[in-house]
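A closer look at the structure
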Amino acid sequence: MKQYILGLTMAAALTFTVSGCSDFLDEPILGQQDMENYFSTEDECAKQVTGCYQSLTYDDWWQIYKFYVAGDMCTDDEWMGNTTQDPGDYLHLAHYTGNTISAGNSCQNFWQYRYKGILQCNIAINRIPGVKFNNEALQKRYIAEAKFIRAFEYFDLVKNFGGVPLVLDLKMPSEVEGIERASKEETYAQIEKDLLEAIPDLPVRSAYSSKDLGRVTKGAAQGLLGKVYLYQEKYKEAEAQLKAVIDSKEYQLLDNFGDVWSMDHNNSKESLFEVQTNSDISFSLGERISVVVGSRDDSGWSWGLPTSNLEKAFEDAGDSIRLKWTILHDGQTSVPNDPTWTEDNPYVISPSKHKSARCNMKLYIPVAKRPSPYDAPHIPLNYRLLRYADVLLMYAEVENALGNDAEARAALNQVRARVKLSPVTASNKELRDAIRLERRLELALEDNRLYDLRRWKDDNGKPAIDNIMGPNGTFVHYNLYESTDKYEKENKGESSDKGITFKEGRDELFPIPNSEIIMSNGSIKQNPLY
């Protein structure tokens, strides 16, 4: 096997770069070190762990962020959106064309860089125990941080591809020849093991000093483990982890929903874990995904645009607050937190260039806060990976599944109260559906929707995604026969029948990149029906 999974030399594995805004992630660590002479000091161990953090998204939009955007494109929440340029491989994922090679190519960078990150973590986990530390607790914490990040990255893989090759050591290409995919259950078991081992050695959020803000906390590991259990329908285990986060009192909902994705509220009291950024133009320390999803009339690339179907969900729920902070419209004369746009100078998302004439408001950067150059990985908006509202809604889902509807309603209604929606009083299946809707509205455009739709079972026993996509899918039917949205109907640059070729039994997972199968000499098998 070669570069896409594990064909990394030791020198390449120890080329460190970082991405962050906290003091512990101030600038890239450059250069190469020989493995045999490295890992002799605490500082060298710290640098390796910093490399693990960097691997969460690397240093630009195309390694990881692009795939996160593609995930929402594969749902009823987003179009590809840009109708002036060739969508390339986006098309084969978002429109479920069944083209195994092209769809797999869309996944290739994500697969490759997730395994590069896992390799970084493997080195830290296996080498740090051999270094003498003056502070044993710090040594344990570094190992726990690496285990959390490895678990996070394997979770990213399993929820997209199913079972994947499990590599837990530093392996050279010759050592992994003939490697096979672990089962989904085995992959989840390793994720659970890493998180369970990490939790005891991680500090709570309040125990970190300001210079370490943004590091993995006990609450982040418990919250992620709760999500991992929930995805497997291990409700009792999920309940314990999510309740531990809630009972810790370390996290709270922000008072204003509009602050959740504001760069003025990076690392807020609602955040369990987020990618650290800053705007130092000397290095690629920021994000550029805000440009990728932004309006082409405002220096953006317009990939991943909200659908009218998502907007209708907000309107039907009477949810004007979250709608305002989630979807930006063409011709808008008042953009929250940005006085640039007025009656005389309205915001532009040209309908001829943008499928829905809408853009992602959560990642919108006010003009006065944009670094220069703007179209570069220098934007200091931390990317939220796990937040307290998600924890509350997962807890509500778990309690409903366990028959504890009073507890489920209490958690659900905390989230609703922030956006001034009336309390839900329903029970049983009606409550289940209310929780599912709340997740769509609260977490819209945050790369959760696809995985919720894949794991939820509808009343007919099928995954929810099977009932939304496909020739009889509700989203397909809405766009072809029900929608009156003039922008989506008139702009034919992206077909409105998105999802009509979705195939049950195939499209609940993405294809393994074909290059991986070829380079493994066939030991890695493709997903069903591809």
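That block above? That's the structure.
The paragraphs below set out a description of the structure included in this document. The residue count restarts for each chain, going from 1 along the sequence in the order it is written. Side-chain atom pairs in this predicted model are given and counted only at pLDDT of 80 or more, local residue features only at pLDDT of at least 70, and totals for whole chains, interfaces and linings cover all residues. Excluding hydrogens and water, the side-chain figures rest on all heavy atoms present in the structure.

Considerations on the side chain of Glu 397
Runs of H or I in DSSP of at least four residues are treated as helices and runs of E of at least two as strands, each being numbered from the N terminus. Tracing the sequence through the fold places Glu 397 in helix α13 (residues 388-401). Accessible area is worked out with a 1.4 Å probe on protein chains only. A residue is then buried under 20% of its type maximum, exposed over 50%, and partly exposed in between. What makes Glu 397 buried here is its relative accessible area of 11%. A distance of 3.1 Å separates a polar atom in the side chain of Glu 397 from a polar atom in the side chain of Trp 456. The contact definition used throughout considers only heavy atoms, calling two residues in contact when any of these lie within 4.5 Å. Dropping the residues within four chain positions of it, Glu 397 is found in contact with Leu 230, Ile 435, Arg 439, Arg 455 and Trp 456. Polar contacts, as used here, are pairs of N or O atoms within 3.5 Å; protein pairs need one atom able to donate a hydrogen and one able to accept it. Residues neighboring in sequence count only if both atoms are side-chain atoms.

Quick word on the packing of helix α14 (residues 405-418) against helix α15 (residues 428-442)
To obtain each axis, a line is fitted to C-alpha atoms, and for helices this fit is confined to the stretch in contact; angles are then taken between N-to-C directions over 0 to 180 degrees. At a minimum axis separation of 11 Å, α14 and α15 run at an interaxial angle of 30°. When the axes of α14 and α15 are compared, the pair comes out roughly parallel. In this structure, the crossing between α14 and α15 has a hand that is left-handed. Contacts from Asp 405, Ala 408, Arg 409, Leu 412, Val 415, Arg 416 and Arg 418 in α14 reach Asn 428, Leu 431, Ala 434, Ile 435, Glu 438 and Glu 442 in α15. Taken together, the residues of the contact of α14 with α15 break down into 6 nonpolar, 1 polar and 6 charged. The cut-offs work like this: below 35 degrees is roughly parallel, past 145 is roughly antiparallel, 65 to 115 is roughly perpendicular, and the gaps in between are oblique. The sense of a crossing depends on the near helix, which, turned anticlockwise from the far helix by less than a right angle, makes the crossing left-handed and, turned clockwise, makes it right-handed. Three classes are used, and their members are as follows: Ala, Val, Leu, Ile, Met, Phe, Trp, Tyr, Cys and Pro are nonpolar, Asp, Glu, Lys and Arg are charged, and the others, Gly among them, are polar.

Let's talk about unusual backbone geometry
With an omega of 0°, the peptide bond running from Ser 372 to Pro 373 counts as cis. Along the chain, Pro 373 falls in the loop between β5 (358-360) and β6 (383-387). Notably, Ser 299 is not glycine yet its phi reads approximately 70°, a positive angle. The residue Ser 299 is located in the loop between α10 (289-292) and β3 (305-306) in this model. Positive phi outside glycine occurs at Asn 428, with the angle close to 55°. The residue Asn 428 is located in helix α15 in this model.

Notes on the packing of α13 against α14
For the pair α13 and α14, the least separation of the axes is 7 Å and the interaxial angle reads 155°. Considered as vectors, α13 and α14 are oriented roughly antiparallel to each other. Two packed elements cross with a definite hand, and for α13 against α14 that hand is left-handed. Together, Ala 389, Leu 392, Leu 393, Tyr 395, Ala 396, Glu 399 and Asn 400 of α13 and Asp 405, Glu 407, Ala 408, Ala 411, Leu 412, Gln 414, Val 415 and Arg 418 of α14 make up the contact between the two elements. The residue inventory of the contact of α13 with α14, partitioned by class, reads 9 nonpolar, 2 polar and 4 charged.

Thoughts on the nonpolar core
Only buried residues count toward a nonpolar core. Its members are Ala, Val, Leu, Ile, Met, Phe, Trp, Tyr and Cys residues joined through side-chain atoms within 4.5 Å. Counting 135 residues, the largest nonpolar core has Phe 148 and Phe 161 as its most contacted members. Per-element tally for this core: the top contributor is helix α6 (residues 136-161), with 14 residues. With 9 residues, the next largest nonpolar core counts Leu 305, Leu 328, Tyr 347 and Cys 359 among its residues.

Focus on the side chain of Asp 452
Tracing the backbone through its elements, the reader meets Asp 452 in helix α16 (residues 449-455). Within the structure, Asp 452 has its side chain in polar contact with the side chain of Arg 455 (distance 2.9 Å). In this structure, Asp 452 is in contact with Tyr 231 and Arg 439, ignoring residues within four places of it in sequence.

Side note on the pairing of β6
With 5 of 5 residues buried, β6 is to be regarded as a mostly interior element. Here, strands pair whenever DSSP counts at least two bridges between them. Sheet topology places strand β2 (residues 271-275) next to β6; 4 bridges connect them, and they run antiparallel. Bridge pairing links Phe 273 to Leu 386 in β6.

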